[in-house]
Amino acid sequence: MSATSTEPQPTEPPSRALRAAFRAFAAIEKVGNKLPNPFWLFWILAGVVIVLSAILAATGVSTVHPGTHDTIEVRSLLSKAGLTTMVEGAVDNFATFPPLATILIVGFGIAVAEASGLFTTLLRRMVARVPGKYLTFALSMTAMVAHVAGDAAYVTLIPLGALIFRAAGRSPVLGCIVAYVSISAGYDASPAITTTDTLLSSISTAAAHTIDPDHVVTPVANYFFGLASSVLVALVITVVVEKAIARRSDLDPDEPVKALTAEELKAVEVTPEQRRALRRTGVAALGFVAVVAVAMFPADSPLRGEHGSLVESPVITGMSVVLFLFFSLLGWVYGRSVGTFRTANDIVDALVEGARSYAPILVLFFAISQFLAYFKWTNIGNVIAIEGAETLKGMHLSGWTVLVGIAVLITFMNLVITSGSALWALAAPVLIPMLMLIGIEPETTQAVYRVADSVTNCVTPMSPYFAMCLGFIQQHKKSAGIGTLASFTIPIAAVVWIVWVAFFVAWYLLGIPFGVG
């Protein structure tokens, strides 16, 4: 397209299947926009539980626990005991909500690293000087590492992807798409431990206690699978982009691709001072890991668990504190090296700013914690899990078939409920106990959830980052719309979903541990 052309770019795809998909996503967007904010959604669900518990209790609904053979009856929240529980237990419900302290502690450490500028510089360093033929994979793999930074990865990496691709003489629109799809479709895959690991594992542990009070899902319970998945997803995205997406003619920006300006080069290049700072930070990271490893090495080390266990050690079960110390140390070393941190008060300022960024999550957690407490107290979740497990046993389905069915269910739910923690808080109390009763471990259920929860992130217009990515694309291609972006993300997401689910099934059937523990 010439620089003087004013004709709008076509956004209607030639494929009948894609046109049908667009209509479906338009319907999802319409329905999703009518849904209340997740905060109110969970209060509405809490109201449903209150009414449902009264009805089920009045009709005498109950079940028998297959392990203890105790009769479990549904309890009414509209009874005296139920009303007392809701009023007196509200504070404890929130204060003891498993992910609450976890997300704050880890978030504090990440806030320090982010405020220092470490994440931004590290991401630039990883893709700035990569040869052109490896650029797509390098950007995609960088996105997998960027999951450590949480949602901040979108803000940093999407515009950086555009600049990197433009510097290589390729379409900046494609750079935006590769960065966005890699962050969102592979959100739960990473070669590093992230806040998602600590958040999901705490919810999974609480759900598993319904069946086994001693079961603990650690933050590294899916680490092996997440590490392998990060490479797999990056490879799949690279192949689809290079073999299909990059060949489309409608990737051309409104203006011909020009060389980067001095200001734009500054945003991409890493200065000698920053490179030295990264080296010092790398040494600090290795030193931290070495100190922890040496401290855990003696068989009688206080950092080991009962009977010298490494899996049940304070380091693993207290991973949130370890991550806080790790990221805080790296942020301090990098910040001191480049001058973003000059005094100890700068660390406090970073912690305060980090706490502000988590305010929306804390508000949501208050609603979720009350809903889950009501759900647990009424025994509705136990009845559904036990009866659901009995139904699955009666159908004589193999474990992998059930798990693929769960993947399909979560995939469609994720189109509307885009918050991973909110969706897992809703699904885990039923799925984990139910599948435990048919012999499927919580770690496995959590792993398949992570696959299904990730892939459709990049196609649902309900995600705020879908609109963000579109905004970055429109800086280079003003005629782009929701249909334009969806026409790129849907094919990539479809292939990633098929390959990743198949990879999960193969992993499960081969009996490979999903992580530590």
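Analysis parameters
- In this numbering scheme, every chain counts its residues from 1 along its sequence in written order.
- The model is predicted, so local features are restricted to residues of pLDDT at least 70 and side-chain atom pairs to those at 80 or more, both for listing and for counting; the totals for chains, interfaces and linings are taken over all residues.
- As a rule here, side-chain values come from all non-hydrogen atoms in the structure, and water together with hydrogens is ignored.
- Numbering of helices and strands runs from the N terminus; a helix is a DSSP stretch of H or I covering at least four residues, while a strand is a stretch of E covering at least two.
- The span one expects for a helix is its residue count, reduced by one, times 1.5 Å.
- Partly exposed describes any residue whose relative accessible area lies between the buried limit of under 20% and the exposed limit of over 50%, with all areas from a 1.4 Å probe on protein chains only and scaled to the type maximum.
- Pairs of residues are marked as contacts when any of their non-hydrogen atoms sit within 4.5 Å.
- Definition of nonpolar core: a set of buried residues of the types Ala, Val, Leu, Ile, Met, Phe, Trp, Tyr and Cys, connected through side-chain atoms within 4.5 Å.
- Fitted lines through C-alpha atoms serve as axes, helices being fitted only where they are in contact, and the angles separating the N-to-C directions of these axes extend from 0 to 180 degrees.
- Each angle gets one of four labels, with under 35 degrees taken as roughly parallel, over 145 as roughly antiparallel, 65 to 115 as roughly perpendicular, and the rest as oblique.
- Left-handed describes a crossing in which the near helix is turned anticlockwise from the far one by less than a right angle; the clockwise case is right-handed.
- Polar here means any residue other than Ala, Val, Leu, Ile, Met, Phe, Trp, Tyr, Cys and Pro, which are nonpolar, and Asp, Glu, Lys and Arg, which are charged; Gly is therefore polar.
- Put simply, a salt bridge is a Lys or Arg side-chain nitrogen that is within 4 Å of an Asp or Glu carboxyl oxygen.

Colleague: Any details on helix H18 (residues 380-395)? Residues and values, ideally.
Modeller: If you check H18, its first and last C-alpha atoms are 22 Å apart, about what 16 residues at 1.5 Å a residue would give, namely 22 Å. Taken residue by residue, H18 has Ile380, Gly381, Asn382, Val383, Ala385, Ile386, Gly388, Ala389 and Leu392 as its buried positions. Buried residues along H18 sit in contact with helix H2 (38-58), strand S1 (62-64), strand S2 (71-73), helix H17 (359-378), helix H19 (399-414) and helix H20 (420-436). The positive-phi residue at the C-terminal boundary of H18 is histidine 396, with phi of around 55°.

Colleague: Got a sec to walk through the nonpolar core? Specific residues and values, please.
Modeller: Note on soluble globular proteins: their nonpolar side chains tend to be buried together. Counting 122 residues, the largest nonpolar core has Leu157, Ile177, Tyr180, Ile368, Ile492 and Trp500 as the members making the most contacts within it. In terms of residues, this core owes the most to one element, helix H23 (residues 482-510), which gives 13 residues. Once residues within four sequence positions are removed from consideration, isoleucine 177 is found in contact with Leu251, Ile473, Leu485, Phe488 and Ile492. Membership of the second largest hydrophobic core comes to 27 residues, among which are Phe119, Ala277, Ala284 and Val338.

Colleague: Tell me about the packing of H19 against H23, and name the residues and values.
Modeller: The geometry of H19 relative to H23 is characterised by a closest axis approach of 10 Å and an angle of 150° between their N-to-C directions. By the criterion of interaxial angle, the relationship of H19 to H23 is roughly antiparallel. By crossing handedness, the relation of H19 to H23 is classed as right-handed. Counted together, Gly399, Trp400, Leu403, Val404, Ala407, Val408 and Thr411 of H19 and Trp497, Val501, Phe504, Val505, Tyr508 and Leu509 of H23 form the full contact between these two elements. Taken together, the residues of the contact of H19 with H23 break down into eleven nonpolar, two polar and no charged.

Colleague: Now, about the pattern of salt bridges: what can you tell me, with residues and values included?
Modeller: According to the stated counting rule, one finds three salt bridges in the structure shown. We note a salt bridge from arginine 450 to aspartate 197, for which the minimum N-O separation is 2.9 Å. Taken together, the residues span a long stretch of sequence, with arginine 450 in helix H21 (residues 442-455) and aspartate 197 in helix H10 (residues 195-208) at a distance of 253 residues. What makes arginine 450 buried here is its relative accessible area of 6%. Given a relative accessible area of 6%, aspartate 197 falls into the buried group.

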